[in-house]
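What the coordinates show
The primary structure of each chain is shown beneath.
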Amino acid sequence: MLLNRDDWYDISRDLDWTLSYVDEEVAFPQCWTGKRAIPDEAWQAWDEPFRVSYRDYVRVQREKESGVKAVGDAMLRAGVYQKLDPAHVAAAHLHMGTTCMVEYMAVTMQSRFCRFAPTPRWRNLGVFGMLDETRHTQLDLRFSHDLLRFDPRFDWAQKAFHTNEWGVLAVKNFFDDIMLSSDCVEAALATSLTVEHGFTNIQFVALAADAMAAGDVNWSNLLSSIQTDEARHAQQGFPTLQVLMEHDPQRAQQAIDVAFWRSTRLFQTLTGPAMDYYTPLDQRKMSFKEFMLEWVVNHHERILADYGLSKPWYWDKFLHSLENGHHAMHLGLWFWRPTLFWKPNAGVSKAEREWLNEKYPTWEENWGGYWDQIIANINAGRMDLTLPETLPALCNVTQLPLGSAMSRHDLEPAVSVYEGRTYQFDSDISKWCFDLDPARYAGHMNVVDRFIAGQIQPMSLAGGLEWMGLTPDVMGDDAYGYRWAAEYAPAMAD
Amino acid sequence: MTVFDVEDAASLEPNLVGPVIRSGALAEAVIEAVADDNPGADVFVVDRDDYVRIHTAQTCRLTRASLELRLGRPLPLAALEMDMPSFAGRLRTRTEEYLWFYQS
């Protein structure tokens, strides 16, 4: 009789070696396991919520692959991509350029789990996570390769992380930290639990719903298929959290609070503009804030409370940022559009503005005036005034512009001095992250630090664009060629 | 037991647990199976067109037997993953039963 998986699973996952020819610390160094003072016996309580056998894994993944490929092929034959709204298309360019190589970085992180995780149960699951992330990288590359003939921006799926484009550097900085440089325990808390369980739902489920409504069946299907893997392997974070809550709860709280804020800022940059500005108005399911409330506040924070974690100390500030941060980032992205490899939609036509004010009651007061001036300049033919001549000061933790985390009134400087160097931050929360572990962030020079140090030549916007690898065929410009501003012209003339 | 279609997920009480399934026949079968497997519990369904939240309060049980009955064909619970991009709550997976729950 064939055994049921439940009959043999517990034995198979505990397969391990008793080391005799090498010291434990040499085979499993603290710097990679992250065990610290947690006793070895504690890891015997590590119990994965989402059980997987290799046989099940292969069978299920094969079906997933067949489905994604079939949909992709059908959409290509139907020429769906060529019919998509140009504003929506920018969201796919942004996603592929900033996410594809993060998937590849995640292969390395999962490989570390396979090799160094403090329990064989976790090492076993890491194998599936590693295969998942390999799949995601290949899916993104195949998707982008299929569409490369229609737009050179899809080349950035592979190219972006080999450039110095500032947004890509911000993404890379975060994931270098929590994927490539972190030990297993911290990577599980920051990446598996915070990013994969908390935030990727926003990009891979919620934005996928927007993409489906926009008619982008291929991309939507790819996103949600990827997230079916994420939902499973993100669960590696919870038994790790369970062990930490028993033996070192303060470490868990701190690691998660830092990762939560950095994730918030990153997704305000990547997902917020895509949902609230790039998705065509009649195809938006909900606002970015509403999706964040559904997925991050209700869905994610509730389970953290179930494990005994408190909300981050900066919770009220996070909610304030939720009203504002992505609007500030969008304004900056659009204004500095030559520094992008996608074409951002301004998204402030009269109808869109009405929607923004309905969803965000303080939008007009905070951001309307800036857009009014941009619109006036466009309609006066002064395009030069709508384009940047300088670079914005950047945060030394998030790598995002100062003044882009909260409302336009929240501009109080956040500064730390460490070993004689002054560091600036986009918020006192980012400053708090830095001050917890300054050596971790201190050596890094952000784009503006490098500019001021003379590392970017010539010291002009043109020099900066060349340094970022931006070429005319991909350089950002308004998605609709500024046509949306025309409806304001009579009112402006009055 | 009642199945509620809910528009605003943010207004739901915070103790809801259960799967999020991509829209389609499987999601319909899961709604019915969850109703079967959780007698006496209200089933809250949030349909976002592309995905469907299927939740009950505090614990949500789904058995292979109920799912296969409602789906009309064999389907190991492990295969649920193909169309489950997310879920709310803790999860316990066994061959014949998935259980989503909160402890507190």
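The rules behind the values
Residues numbered from 1 in each chain as written. Chains lettered and ligands numbered in written order. Predicted model: local features only at pLDDT ≥ 70, side-chain atom pairs only at ≥ 80, totals over all residues. Heavy atoms only, no water. UniProt positions renumbered as here; feature names shortened; annotations may be inferred. Helix = DSSP H or I, 4+ residues; strand = E, 2+ residues; numbered from the N terminus. Rg over C-alpha atoms; globule rule 2.2 N^0.38 Å. Contact = heavy atoms within 4.5 Å. Pairing = 2+ DSSP bridges. Axes fitted to C-alpha atoms, helices over the stretch in contact; angles between N-to-C directions. Buried area = accessible area lost by both parts, 1.4 Å probe. Salt bridge = Lys/Arg side-chain N within 4 Å of Asp/Glu carboxyl O. Polar contact = N/O pair within 3.5 Å; in protein donor to acceptor, adjacent residues only side chain to side chain. Patch = residues over 30% accessible without salt bridge, like charges linked within 9 Å, V, L, I, M, F, W, Y side chains within 5 Å. Areas by Shrake-Rupley, 256 points an atom, 1.4 Å probe, with all protein chains shown as cover. Expected span 1.5 Å × (residues − 1). Bend = angle between axes of the 7 residues up to and from the residue. Buried < 20%, exposed > 50% of the residue type's maximum accessible area, 1.4 Å probe, protein only. 1 Å grid on protein atoms, 1.4 Å probe; cavity = no way out; pocket = protein on both sides within 12 Å on 5 of 7 lines; lining within 4 Å. Points joined across faces, edges and corners; volume = space filled by probe spheres on them. Nonpolar A, V, L, I, M, F, W, Y, C, P; charged D, E, K, R; others polar. Core = buried A, V, L, I, M, F, W, Y, C linked by side-chain atoms within 4.5 Å.

Looking at an unreviewed UniProt entry, one finds chain B named Monooxygenase, with Rhizocola hellebori as its source organism.

Per an unreviewed UniProt entry, chain A goes by propane 2-monooxygenase and derives from Rhizocola hellebori. The UniProt entry for chain A carries the following comment under Catalytic activity (unreviewed entry): "propane + NADH + O2 + H(+) = propan-2-ol + NAD(+) + H2O".

What follows is about the overall build of chain B. Broken down by element type, chain B carries 2 helices and 8 strands. From first element to last, N terminus to C terminus, chain B shows the α and β order β-β-α-β-β-β-α-β-β-β. A globule of 104 residues ought to have a C-alpha radius of gyration of about 13 Å, and chain B, at 12 Å, matches this closely. For chain B, contacts bridging at least 24 residues in sequence account for 69% of all contacts bridging at least 6.

Residues and elements named next belong to chain B. Reading across from one edge, 5-8-7 is the order of the 3 strands in this open sheet, with antiparallel pairing throughout. A strand with exactly one partner marks an edge of an open sheet, and here the two such strands are strand 5 (59–63) and strand 7 (90–94). Within the sheet, the average angular offset between the axes of one strand and its neighbour, ignoring direction, is 10 degrees. Two strands pair when backbone bridges link them, and strand 7 and strand 8 (residues 97–101) are joined in this way by 5 bridges, in the antiparallel orientation. In the sheet register, R94 faces strand 8, and the bridge partner there is E97.

Listed as interface residues are 34 residues of chain B and, on the opposing side, 41 residues of chain A. Summed over both partners, the interface of chain B with chain A comes to about 3100 Å²; 49% of that surface belongs to carbon and sulfur atoms. Of the charged contacts, one joins R232(A) and E81(B) as a salt bridge, the two residues approaching to 2.9 Å between their closest N and O atoms. Applying the counting criterion to the chain B and chain A interface returns 24 residue pairs in polar contact (both at pLDDT 80 or more). Taken together, the elements giving at least two residues each to the side of chain B that touches chain A come down to strand 2 (16–22), strand 4 (51–57), strand 6 (86–88) and strand 7 of chain B. At 5 residues, strand 7 of chain B tops the list of elements feeding residues into the side of chain B that touches chain A.

This next bit is on the UniProt feature "domain: YHS" (unreviewed entry) in chain A. Per the UniProt entry, the sites bearing "domain: YHS" (unreviewed entry) are residues 416–444 of chain A in this numbering. End C-alpha atoms of residues 416–444 of chain A are separated by 14 Å, and the span's content is 48% helix alongside 28% strand.

Turning to a nonpolar patch on the surface, a few remarks are in order. Side chains of W17(A), L19(A), Y21(A), V22(A) and V26(A) sit close together on the surface and give an oily, nonpolar patch of about 650 Å² of accessible area. As for its position among the elements, Y21(A) is in the loop between helix 1 (5–12) and helix 2 (24–27).

This part is about helix 5 (residues 86–116) of chain A. Residue and element names in this part refer to chain A. Between its terminal C-alpha atoms helix 5 stretches 45 Å, which fits the 45 Å expected from 31 residues at 1.5 Å a residue. Taking the largest bend as the criterion, helix 5 deviates by roughly 30 degrees, centred on M96. Counting buried positions along helix 5 gives 26 out of 31 residues, so the element sits mostly inside the fold.

Glancing now at empty space enclosed by the protein. Under the criterion given, the structure shown has 10 cavities of 30 Å³ or more. Roughly 210 Å³ of internal volume is contained in the largest cavity. In terms of lining residues, the largest cavity is bounded by 19 residues, among which T99(A), V102(A), F175(A), T200(A) and F204(A) are the most central. Secondary structure elements with two or more residues in the lining of the largest cavity: helix 5, helix 8 (166–180), helix 9 (184–213) and helix 12 (249–270) of chain A. Per-element accounting of the lining of the largest cavity gives the leading share, 6 residues, to helix 9 of chain A. The class makeup of the residues in the lining of the largest cavity is 10 nonpolar, 5 polar and 4 charged. Each pocket or cavity is described by its volume, and for the second largest cavity that value is around 170 Å³. The wall of the second largest cavity is formed by 13 residues, among which N298(A), H299(A), L16(B), R53(B) and H55(B) lie closest to the centre. Mapped onto the lining of the second largest cavity, the elements with two or more residues apiece are helix 14 (288–306) of chain A together with strand 4 of chain B.

It is worth spelling out the sheet that holds strand 2 of chain B at this point. All names here are of chain B. One open sheet holds the 5 strands; their spatial order is 1-3-4-2-6, and the pairing between them is mixed. Of all the strands in the sheet, the pair left with one neighbour each is strand 1 (3–6) and strand 6. Direction aside, neighbouring strands of the sheet carry axes that sit 20 degrees apart on average. One ladder, built from 5 bridges, connects strand 2 with strand 4; its direction is antiparallel. Pairing of I21 across the sheet is with V52, part of strand 4.

Another aspect to go through is the pairing of strand 7 of chain B. Regular strands place side chains that alternate from one sheet face to the opposite one. Strand 7 of chain B sits mainly inside the fold: 4 of its 5 residues count as buried. Following strand 7 of chain B, the chain reverses through 2 residues before pairing antiparallel with strand 8 of chain B.

Here the focus is the side chain of S86(B). Mapped onto the elements, S86(B) comes out in strand 6. A polar side-chain atom of S86(B) sits 3.4 Å from a polar atom in the side chain of N201(A). Ignoring sequence-local partners within four residues, the contact set of S86(B) consists of N201(A), A231(A), W295(A), H299(A), P19(B) and V20(B).

Below, the discussion takes up the nonpolar core. Ranked by internal contacts, the top residues of the largest apolar core, which has 183 residues, are F175(A), W219(A), L241(A), W371(A), L67(B), L80(B) and W100(B). For this core, the element with the most residues is helix 9 of chain A, which contributes 17 residues. F175(A) has contacts with V102(A), M105(A), L180(A), V195(A) and L266(A), leaving out every residue within four places of it along the chain. Membership of the second largest hydrophobic core comes to 5 residues, among which are L12(B), L16(B), F44(B) and V46(B).

Below, the discussion takes up the pattern of salt bridges. Where charged atoms from two side chains of opposite charge approach closely, those side chains can pair. What the rule picks out here adds up to 49 salt bridges over all chains. Linking E24(A) and K35(A) is a salt bridge whose minimum nitrogen-to-oxygen distance equals 3.9 Å. Highlighted residues: E24(A) in helix 2 and K35(A) in the loop between helix 3 (30–33) and helix 4 (54–77), separated in sequence by 11 residues. Residue E24(A) is classed as partly exposed on the basis of its relative accessible area of 41%. For K35(A), a relative accessible area of 8% corresponds to the buried category. The shortest N-O distance in the salt bridge between E81(B) and K64(A) comes to 2.6 Å. With one member in each of two chains, E81(B) in the loop between helix 2 (64–71) and strand 6 and K64(A) in helix 4 form a pair that bridges those chains. Across the pair, exposure class does not vary: E81(B) and K64(A) are buried alike.

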